[in-house]
Amino acid sequence: MSVRRVLVLSEQPVVSQGLKLIIENEGSAEVAIAPDEATAASLISKLTPSIIVVDREDTAMDIDHPLLNEEYPSKLVILSPNDDRMIVYSRQDVHEATLENLLGAIREEDLSKSD
């Protein structure tokens, strides 16, 4: 199994550190943390992550968002604590924001069966 690079973008240090520990404990992933979008953009160009996990207040995000840069074919997973949803932009699916669904998206499992 190849090692994936995951970037966690969250303004909340407890959330970003918690997600980093969870993802690393799952295995086969190196995790970097960005506290803001400017740092994330810099890390994306250096690390080329295959998955970007974003903790946001709402699930609304422009599909032309800079984190979805075509040069870097990353899967974008948006966690929304306000409405308990998770959006996976590579598939444009919306799922319940559970630990199981987050790890499934990172593992690239088919999440359509979990709803």
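What counts, and where the lines are drawn
- Residues numbered from 1 in each chain as written.
- Predicted model: local features only at pLDDT ≥ 70, side-chain atom pairs only at ≥ 80, totals over all residues.
- Heavy atoms only, no water.
- 1 Å grid on protein atoms, 1.4 Å probe; cavity = no way out; pocket = protein on both sides within 12 Å on 5 of 7 lines; lining within 4 Å.
- Points joined across faces, edges and corners; volume = space filled by probe spheres on them.
- Helix = DSSP H or I, 4+ residues; strand = E, 2+ residues; numbered from the N terminus.
- Nonpolar A, V, L, I, M, F, W, Y, C, P; charged D, E, K, R; others polar.
- Buried < 20%, exposed > 50% of the residue type's maximum accessible area, 1.4 Å probe, protein only.
- Pairing = 2+ DSSP bridges.
- Polar contact = N/O pair within 3.5 Å; in protein donor to acceptor, adjacent residues only side chain to side chain.
- Core = buried A, V, L, I, M, F, W, Y, C linked by side-chain atoms within 4.5 Å.
- Contact = heavy atoms within 4.5 Å.
- Axes fitted to C-alpha atoms, helices over the stretch in contact; angles between N-to-C directions.
- Parallel < 35°, antiparallel > 145°, perpendicular 65-115°, else oblique.
- Left-handed = near helix turned anticlockwise from the far one by under 90°.

Draft legend 1. A look at the layout of surface pockets. Volume-wise, the second largest pocket comes out at about 150 Å³. As for the second largest pocket, its lining consists of Val15, Leu19, Asp55, Leu79, Ser80, Pro81, Asp84, Ala97, Thr98, Leu99 and Leu102. Contributions of two or more residues to the lining of the second largest pocket are made by α1 (13–26), β4 (75–80) and α3 (99–106). Within the lining of the second largest pocket, the residues separate by chemical class into 7 nonpolar, 2 polar and 2 charged.

Draft legend 2. Expanded view of the pairing of β4. Where burial is concerned, most of β4 is hidden: 6 out of the 6 residues are buried. Covered by surrounding structure in β4 are Lys75, Val77 and Leu79 together with Leu76, Ile78 and Ser80, the residues of both alternating faces. Relative to β4, strand β3 (residues 51–55) runs parallel, the two being bridged by 5 bridges. Opposite Ile51, over in β4, you have Lys75 as the bridge partner. Here β4 pairs with strand β5 (residues 85–88) via 4 bridges, running antiparallel. The residue bridging Ser80 from the neighbouring strand is Arg85, located in β5.

Draft legend 3. Here's a closer look at the environment of Arg85. Take Arg85: it is sitting in strand β5. Along the primary structure Arg85 and Glu96 are separated by 11 residues, whereas in three dimensions their C-alpha atoms are 4.8 Å apart.

Draft legend 4. Focus on the side chain of Ser10. Here Ser10 lies in the loop between β1 (4–9) and α1. Relative accessible area serves as the criterion here: at 2%, Ser10 is assigned to the buried category. A distance of 3.1 Å separates a polar side-chain atom of Ser10 from the backbone nitrogen of Gln12.

Draft legend 5. Layout of the nonpolar core. Membership of the largest hydrophobic core comes to 15 residues, with the highest contact counts inside it found for Val6, Ile23, Val53, Val77 and Leu102. For this core, the elements supplying multiple residues, two or more each, are β1, α1, β2 (29–34), β3, β4, β5 and α3. With 3 residues, α3 is the single largest residue contributor to this core. Apart from residues no more than four positions distant in its own chain, Val53 is found in contact with Val6, Leu7, Val8, Leu9, Leu19, Ile23, Val77, Leu79 and Leu102. Leu7, Leu43, Ile44 and Leu76 belong to the second-largest nonpolar core, a separate cluster that totals 13 residues.

Draft legend 6. Looking closely at the packing of α1 against α3. Direction vectors running N to C along α1 and α3 enclose 60°, while the axes themselves pass 11 Å from each other. With respect to α3, the element α1 is oriented oblique. Remark: the crossing between α1 and α3 carries right-handed chirality. For the pair formed by α1 and α3, the contact residues are Leu19, Ile22, Ile23 and Glu26 on the first element and Leu99, Leu102, Leu103 and Ile106 on the second.

Draft legend 7. Structural view of α3. When you tally the buried positions in α3, you get 6 out of 8 residues, the bulk of the element. All of the buried residues along α3 are Asn101, Leu102, Leu103, Gly104, Ala105 and Ile106.

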